[in-house]
Amino acid sequence: MRSVRAVVTGAAGFVGSHVAEAMAHAGHEVVAVDAPARSASPAAARVNWAGLADRPGVHRVETDLAVGDLTALVRADVVVHLAGRPGVRSSWGAGRAAAVRDNVTATRRLLAACAAAAAPPRVVVASSSSVYGSAGGRPHTERDPLRPASPYAASKAEMERLTAEAAVRGLPTVVLRYFSVYGPRQRPDMAFHRFIEAGLAGHPLPVFGDGGQSRAFTHVDDVVAATVAAATTGLPPGTVLNVGHPEHVPVRAAIDLLAGLLGVRPRIDHRAAVRGDAARTWADSGEAARLLGWSPRIGLAEGLADQVAWHRRRAAGPEPAHASGAGTAGRPS
Ligand SMILES: NC(=O)c1ccc[n+]([C@@H]2O[C@H](COP(=O)([O-])OP(=O)(O)OC[C@H]3O[C@@H](n4cnc5c(N)ncnc54)[C@H](O)[C@@H]3O)[C@@H](O)[C@H]2O)c1
């Protein structure tokens, strides 16, 4: 594979830190971009950001994409845009403004800077399964209509619209719709992170809704593999791809698996269902298989064991920054 100069935005985040590491590990030159103070979990972002400090092949640039000057930043072969404000629950009420600012405004500015570059880079944009709303009796394909049901999902749909518009004007763009990503360094607001921390502390697991909702849980190493493939493959401009595991697993079943791994009896602390949360996410990732030769390799039992091991290592104390929580994609042996 030819080595590229890649800008990875959101590199202090859960997915972005893994992508930055994996690309540097594969010999690409990585410009890691983030504004850790903009993270919904600034403490986690600061740890991930520090972890990139001494990575060979990684150069860090702290910039707020919603206000900073992006002209010089986008001199690259590819921009992998993972920065933003994720999460359905936190996007209601006061969180809506952050979703608009860090998802929509930041993406509009980044796309404009890329389009204005002397040699416009390929741009890979992270979207979300939430743009579909809930799946019915079959998995979602990229041709399905978008039915965003929360401010977060609406902001991702708007990001997609801006990206499609840029593609029509000639920018080589790819949109990746990620489905429920999990694994080492998962965001502290996400379900498995909260469940595992609660389980390790001997507390009941906080579950929103009745646990009957099902998700296409996708391990971060698989997501990284799809993202790196999209960043380094010449896809038709405007390509949109689902990046999700083909199974959809009820949250309750995932909790049973986790309880076994943690060696606890599953006790649930039931919380009110989250408005706009899909009853089911279900991915048809056939297009990604066809265009990228990608399909997910990691099943839920194996992937959860990997995440639990990371939480246990974290609880045991700090690791050297360069080794903390790397997924198998970029993990030192
Ligand atoms: N994690 C998932 O399950 C999932 C699922 C679907 C889509 N996504 C999308 O993937 C991307 C990455 O998600 P994640 O889980 O790693 O989130 P994350 O919150 O861990 O990472 C996002 C990063 O973006 C940075 N950021 C936010 N606003 C910024 C700004 N204005 N300028 C510069 N940096 C900024 C944050 O500091 C943070 O480090 C997001 O676009 C998210 O919507 C994630």
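Residues numbered from 1 in each chain as written. Predicted model: local features only at pLDDT ≥ 70, side-chain atom pairs only at ≥ 80, totals over all residues. Heavy atoms only, no water.

Engineer: How do you make sense of the UniProt feature "domain: NAD-dependent epimerase/dehydratase" (unreviewed entry) in the protein when you look at a structure like this?
Structural biologist: Mapped onto the present numbering, the UniProt feature "domain: NAD-dependent epimerase/dehydratase" (unreviewed entry) falls on residues 7–244. In this annotation, residues 7–244 is assigned 36% helix and 19% strand; the end-to-end C-alpha distance for the span is 24 Å. (UniProt positions renumbered as here; feature names shortened; annotations may be inferred. Helix = DSSP H or I, 4+ residues; strand = E, 2+ residues; numbered from the N terminus.)

Engineer: Even after reading the chapter, I still don't get the pairing of strand 6 (residues 173–178), so can you show me in this structure?
Structural biologist: On a regular strand, each side chain points to the face opposite its neighbour's, so the side chains alternate between the two faces of the sheet. Taking burial as the measure, the six residues of strand 6 include six buried ones, the bulk of the element. Of the two faces of strand 6, the one carrying T173, V175 and R177 and the one carrying V174, L176 and Y178 are both buried. Both strand 5 (residues 122–128) and strand 6 contribute to a ladder of six bridges, which runs parallel. When the sheet's bridge partners are listed, S127 is paired in strand 6 with R177. Regarding topology, helix 4 (residues 151–168) serves as the crossover connection from strand 5 to the parallel strand 6, and that connection is right-handed. Inspection of the sheet shows strand 6 paired to strand 11 (residues 239–243) by five bridges, in the parallel sense. When the sheet's bridge partners are listed, R177 is paired in strand 11 with N242. (Buried < 20%, exposed > 50% of the residue type's maximum accessible area, 1.4 Å probe, protein only. Pairing = 2+ DSSP bridges. Right-handed = clockwise from strand over helix to strand, strands pointing away.)

Engineer: I would appreciate a short explanation of the packing of helix 5 (residues 191–200) against helix 9 (residues 300–316) in the present structure.
Structural biologist: Any two packed helices are characterised by how steeply their axes cross, that is the angle between the axes, and by the distance between the axes. At their nearest, the axes of helix 5 and helix 9 sit 10 Å apart, and the two run at 55 degrees to each other. As the angle between them shows, helix 5 and helix 9 are arranged oblique. Taken as a pair, helix 5 and helix 9 cross one another with a handedness that is right-handed. Counting all contacts with helix 5, which are made through F192, H193, I196, E197 and L200, the residues of helix 9 involved are L300, L304, Q307, V308, W310, H311, R312 and R314. Across the contact of helix 5 with helix 9, the residue classes break down as seven nonpolar, three polar and three charged. (Axes fitted to C-alpha atoms, helices over the stretch in contact; angles between N-to-C directions. Parallel < 35°, antiparallel > 145°, perpendicular 65-115°, else oblique. Left-handed = near helix turned anticlockwise from the far one by under 90°. Contact = heavy atoms within 4.5 Å. Nonpolar A, V, L, I, M, F, W, Y, C, P; charged D, E, K, R; others polar.)

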